[in-house]
Amino acid sequence: MRRSSTRKTGSALPVNPSSGSSDAYRSASSKAVSKEVERIDNLFYAYADASSGLIDPEGIESFCSDLEVDYTDVRILMLAWKMKAEKQGYFTLEEWRRGLKALHADTISKLKKSLSELEKEVARPTNFSDFYSYSFRYCLTEDKQKCIDIESACELLDLVLGFQFRPQVDKLVEYLKHQRDYKVINMDQWTSFLRFCNEINFLSLDNYDAELAWPLILDNFVEWIREKQS
Amino acid sequence: STFFLTTATSFEAFPTPPPLPRVSVSIDLRVPIRVGFGRGGSGAQRRMSMHERKTIDLEQGWEFMQKGVTKLKNILEGLPEPQFSSEDYMMLYTTIYNMCTQKPPHDYSQQLYDKYRESFQEYITSMVLPSLREKHDEFMLRELVKRWLNHKVMVRWLSRFFHYLDRYFIARRSLPPLNEVGLTCFRDLVYQEIKGKVKDAVISLIDQEREGEQIDRALLKNVLDIFVEIGLGNMDCYENDFEADLLKDTAAYYSRKASNWILEDSCPDYMLKAEECLKREKDRVAHYLHSSSEQKLLEKVQHELLFAYASQLLEKEHSGCHALLRDDKVDDLSRMYRLFCRIPRGLDPVSQIFKQHVTAEGTALVKQAEDVASNKKAEKRDVVGLQEQVFVRKVIELHDKYLSYVNDCFQNHSLFHKALKEAFEVFCNKGVAGSSSAELLATFCDNILKKGGSEKLSDEAIEETLEKVVRLLAYISDKDLFAEFYRKKLARRLLFDKSANDDHERSILTKLKQQCGGQFTSKMEGMVTDLTLARENQSNFEDYLNINPQANPGIDLTVTVLTTGFWPSYKSFDLNLPAEMVKCVEVFREFYQTKTKHRKLTWIYSLGTCNLIGKFEPKTMELIVTTYQAAALLLFNASDRLSYSEIMAQLNLTDDDVIRLLHSLSCAKYKILNKEPYTKSISPNDVFEFNSKFSDKMRRIKIPLPPVDEKKKVIEDVDKDRRYAIDASIVRIMKSRKVLGHQQLVMECVEQLGRMFKTAFTYISHRFSCCLEFLILQPDFKAIKKRIEDLITREYLERDKDNPNLFRYLA
């Protein structure tokens, strides 16, 4: 419940997708800005599906190939986070504008250049935990879906945490694939993984206390590592 | 007033000082008798003489007193001297009286008081000390005892002579009384000088005795009495001048001994020696030490012999506590208990080793049973068999054995009860070859309680065994699982008339009730009661049929009416009943409606049995089969050949049931049906035909239908119940607390679930309205954590954004 409400507030920006009224106030102050918006919109329509008015998975694929970035690359996920994209595999015009404007990119080449800047932005601790939770929500594709399956969770972990916490992620993925108690991961477990990586000394695990409120899945994980070590 | 001057009666026991005269003189102290200086006369003269009494000066008076004192000294020294006569005594007393009652400056009270003290000092300095100084060791001790006795006699006599001082002068001025002054002289002059020598001599004698020599215990007793008496009612002298050093010496002595013994002796030998030492020291106190020394002395010995070497002694490799337990050395273990229960926390390591030992023995039994089970054929692994029965039997024996250790060797001490409990909890909860202990125990009970079980026991033996099984149940954490298995087995015993004895059934329920509470057994008791009621009901039904012969279906029918809820859940109304039986059911329903209007009958065909007459070519036979089997066989009254799918369709049963019952009729011991193709298992393409050639040497045969393995279902059911219970508890707590730390939540949850049996389960929320009367829970933290995880997913709870150890309730 809480989660869905967060999602709502996250997306409730004062943007009217059909009229783009918020842009009106800007264009009044600066023609350059309106030019930029126009270019951003044009770029959107270059990839959007005419009937749905959205950039669909096909569009994203060609967008990625123009960017010369693989569509499974973490930077695409970062881009989606910047746009606050709601639905996996789709960008709305509103989301597109929000992202590209923030990046000050109205052409593919500018966008390419801004990607490294985006990476740095995401890496900032406050942004990162937001990005990290976003990545989980982004994977919830079905209505009322609250959990993601172990396999997707492993891939996602590798994608979003791999570059920061390589040893932890490798072990965790190994464990998740080995264990049989859990078939899915919930949001709480997911956020706890990040907290675990940030707080727990790895590989000694000497400051891990199962008496605390860590989810059971992490207790089991630690137990599994300790058993393997002994 | 009258007083008797006597020597101490105990005095006669000591031969050294010469006997003093036993004088008994009656004197009126208010009216002094004039003796000596005033000559006696008439009453008038006497009165006059009181005023005209000649004044006695100090020198003259003391000279007279001195004579008496010298006479006393001579008597004490054993010199030839005539005894004091009563006249002598009276003269001496009167002299003092007179000298103290003269008008100042001729009142010599103070001077006489000083002279009194000086008399002792003079005697001690001139006679006592020289004689003591020239003697040593035991002789010195003997002399001291003699001198002390003499001194006490001297104090007694001299204080009588000077008694008038005590009465007025001393009392008025609050000075130390005569007796005290006399004894103090000895203390200050004699005792203070030689106490060190005396102490050393005594301790050296004690050490000699410890080494096995004979010593004069009476002498020591007398010497040590001096240490006590000299304190004049205060134990300081005994404690500081003697006891402190004795304790120090004792500690050193036993520390030396222990350091040798611990290396040379085995643990039992060492303990024997220690026990003997303690006994001797106790004896020592009884014979010559002051009783207040006992506790301190024994503590020293225990500290040096036991406390200092406790772990070394207990862990001696071939004779320590482990070895004693291994070799069943009950006497040595009892001794170990007696010794170690005296030292602080001394039993802790013993109980720890006991626990380890019992755990190891029990774990070995589990391993043994495990090995036997793994040698069994794979397909039989799920069935609890004879070996597991043997295992339970062995666990009971193990418990008997070590419970008797706790009761006898360890004198019922709570620490050992706890150790035994903890040890059993370890291995009793391990389970054997995929069967939990809860299941094994339930099966074990079943075997004892059912007809023709593998255990052939007398009634008393059955009672005793049941008692023990119930006691073992205390160690099992999955009591709810036991209850569920037990109920399944009980149902089979009751419904298939397999229970050997009603009394035993009720007796074990009573035992279970006592141990686990009424809620635990309420359903089981209901089951037993149901059966009694059912018998009554059946005879009513037979009466009904006699009265209404037109209703009789022509088939004997027995119906057991059970109360829903008491019994395990069974499938109902599943079978397409053969027409003959449908009629029976109708008749019974009509009968039942005459008795009660508002009850609904649910028929459970899977629990029925049926006697069929089979007309085979060789002979006609009676077949005892289940209702399922009967229904299948009756299909062949209408058709000669039936395919698997036809049978399944006509019976309306699941594949599992059809395969099971067709297997029992065509592939097992009695082949009532022929199967094509002729193989050992049932497949959906098989075709069946009545075997008209079937025969057997018996006229009546029972065709068993093996029961479905219920283990998985039981475990799943119990698991589900537990999940509900924990969920409900967490939600209930969070609903009232809204925000709660993880640890508190877990704690409150454990507490609440522990209480579950005592309080009725109430309606919690619209999402949880399950009823859980049947639960004994000892939830582990993991189970609770798991449920918290799940409740977070289901959005009953969320973790606080800032404090990850805090949960919030989501209404």
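For the structure itself, consult the block above.
Residues numbered from 1 in each chain as written. Chains lettered and ligands numbered in written order. Predicted model: local features only at pLDDT ≥ 70, side-chain atom pairs only at ≥ 80, totals over all residues. Heavy atoms only, no water.

1. Things to note about the overall build of chain B
Reasoning step 1: From N to C terminus, chain B includes 29 helices and nine strands.
Reasoning step 2: Counting all 811 residues of chain B, 47% fall into the buried class.
Reasoning step 3: Sequence-distant contacts in chain B: of pairs separated by 6 or more residues, those separated by 24 or more amount to 73%.
Reasoning step 4: A total of about 40800 Å² of accessible surface is found on chain B, and carbon and sulfur atoms cover 51% of it. (Helix = DSSP H or I, 4+ residues; strand = E, 2+ residues; numbered from the N terminus. Buried < 20%, exposed > 50% of the residue type's maximum accessible area, 1.4 Å probe, protein only. Contact = heavy atoms within 4.5 Å. Areas by Shrake-Rupley, 256 points an atom, 1.4 Å probe, with all protein chains shown as cover.)

2. A word on the packing of helix H25 (residues 644–651) of chain B against helix H26 (residues 655–666) of chain B
Each pair of packed helices can be described by the angle between their axes along with the distance between the axes.
Residue and element names in this part refer to chain B.
Reasoning step 1: Interhelical geometry of H25 versus H26 gives an angle of 115 degrees and a closest axis separation of 10 Å. Classified by chirality, the crossing of H26 by H25 is right-handed. Contacts from Tyr644, Ile647, Met648 and Leu651 in H25 reach Asp655, Val658, Ile659, Leu661 and Leu662 in H26.
Reasoning step 2: Residue composition of the contact of H25 with H26, grouped by class: eight nonpolar, no polar and one charged. (Axes fitted to C-alpha atoms, helices over the stretch in contact; angles between N-to-C directions. Left-handed = near helix turned anticlockwise from the far one by under 90°. Nonpolar A, V, L, I, M, F, W, Y, C, P; charged D, E, K, R; others polar.)

3. Examining the nonpolar core
All names here are of chain B.
Reasoning step 1: Counting 91 residues, the largest nonpolar core has Leu305, Met336, Phe340, Phe354, Phe424, Phe482 and Tyr486 as its most contacted members.
Reasoning step 2: A total of 10 residues in this core trace back to one element, the largest contributor, which is helix H16 (residues 386–409).
Reasoning step 3: When sequence neighbours within four positions are dropped, the list of residues in contact with Phe340 reads Leu306, Ala310, Leu313, Leu314, Gly346, Leu347 and Val350.
Reasoning step 4: Counting 74 residues, the second largest nonpolar core, distinct from the first, contains Leu112, Val153, Met154 and Trp157. (Core = buried A, V, L, I, M, F, W, Y, C linked by side-chain atoms within 4.5 Å.)

4. Examining helix H14 (residues 330–340) of chain B
Reasoning step 1: Most of H14 of chain B sits out of view: eight of its 11 residues are buried.
Reasoning step 2: Along H14 of chain B, the residues classified as buried are Asp332, Leu333, Ser334, Arg335, Met336, Tyr337, Leu339 and Phe340 of chain B.

5. A closer look at helix H9 (residues 236–264) of chain B
Reasoning step 1: For H9 of chain B, spanning 29 residues, the distance from its first C-alpha to its last is 40 Å, which sits close to the expected 42 Å at 1.5 Å a residue.
Reasoning step 2: Of all the bends found along H9 of chain B, the most pronounced is centred on Glu243 of chain B and spans about 40 degrees. (Expected span 1.5 Å × (residues − 1). Bend = angle between axes of the 7 residues up to and from the residue.)

6. Some remarks on the sheet that holds strand S7 (residues 739–741) of chain B
All names here are of chain B.
Reasoning step 1: Taken in spatial order, the three strands line up as S7-S9-S8 in an open sheet, and their pairing is antiparallel. Only two strands of the sheet have a single partner each, and these edge strands are S7 and strand S8 (797–799). With strand direction ignored, the average angle separating the axes of adjacent strands in the sheet is 30 degrees.
Reasoning step 2: Sheet topology places S8 next to strand S9 (residues 806–809); three bridges connect them, and they run antiparallel. From the neighbouring strand, Leu797 faces S9, where its bridge partner is Tyr809. (Pairing = 2+ DSSP bridges.)

7. Observations regarding unusual backbone geometry
Generally, phi is negative for residues other than glycine and the peptide bonds are trans, each holding for most cases.
Reasoning step 1: Here Phe202 of chain A and Leu203 of chain A are connected by a cis peptide whose omega angle stands at 15 degrees.
Reasoning step 2: Residue Pro677 of chain B is reached from Glu676 of chain B by a cis peptide bond, and omega for that bond is -10 degrees.
Reasoning step 3: Mapped onto the fold, Pro677 of chain B is located in the loop between strand S4 (673–676) and strand S5 (687–690).
Reasoning step 4: A positive phi angle is found at Leu232 of chain B, which is not glycine, with a value near 50 degrees.
Reasoning step 5: Residue position: Leu232 of chain B is located in the loop between helix H8 (217–229) and H9.
Reasoning step 6: Positive phi outside glycine occurs at Asp497 of chain B, with the angle close to 55 degrees.
Reasoning step 7: For Asp497 of chain B, the location among the structural elements is in the loop between helix H20 (479–495) and helix H21 (502–516).

8. Concerning the pairing of S9 of chain B
The side chains of a regular strand alternate, first on one face of the sheet and then on the other.
Residues and elements named next belong to chain B.
Reasoning step 1: Of the two faces of S9, the one holding Phe807 and Tyr809 is buried and the one holding Leu806 and Arg808 is not buried anywhere.
Reasoning step 2: Relative to S9, S7 runs antiparallel, the two sharing three bridges. By the bridge assignment for S9, Leu740 is matched with Phe807.
Reasoning step 3: If you look at the hairpin formed by S8 and S9, you'll find six residues sitting between the two strands.

9. Considerations on the interface of chain B and chain A
Reasoning step 1: The interface is formed by 16 residues belonging to chain B together with 23 residues belonging to chain A.
Reasoning step 2: Summing the contributions of chain B and of chain A, the shared interface buries around 1800 Å²; its carbon and sulfur component is 45%.
Reasoning step 3: Where chain B touches chain A, the interface holds four salt bridges.
Reasoning step 4: Along the contact surface separating chain B from chain A lie 17 residue pairs in polar contact (both at pLDDT 80 or more).
Reasoning step 5: The set of elements that each furnish at least two residues to the side of chain B that touches chain A consists of helix H28 (742–755), helix H29 (781–793) and S8 of chain B.
Reasoning step 6: Considering only residue class, the side of chain B that touches chain A consists of four nonpolar, four polar and eight charged. (Buried area = accessible area lost by both parts, 1.4 Å probe. Salt bridge = Lys/Arg side-chain N within 4 Å of Asp/Glu carboxyl O. Polar contact = N/O pair within 3.5 Å; in protein donor to acceptor, adjacent residues only side chain to side chain.)

Any functional reading would require information that these geometric values do not contain.
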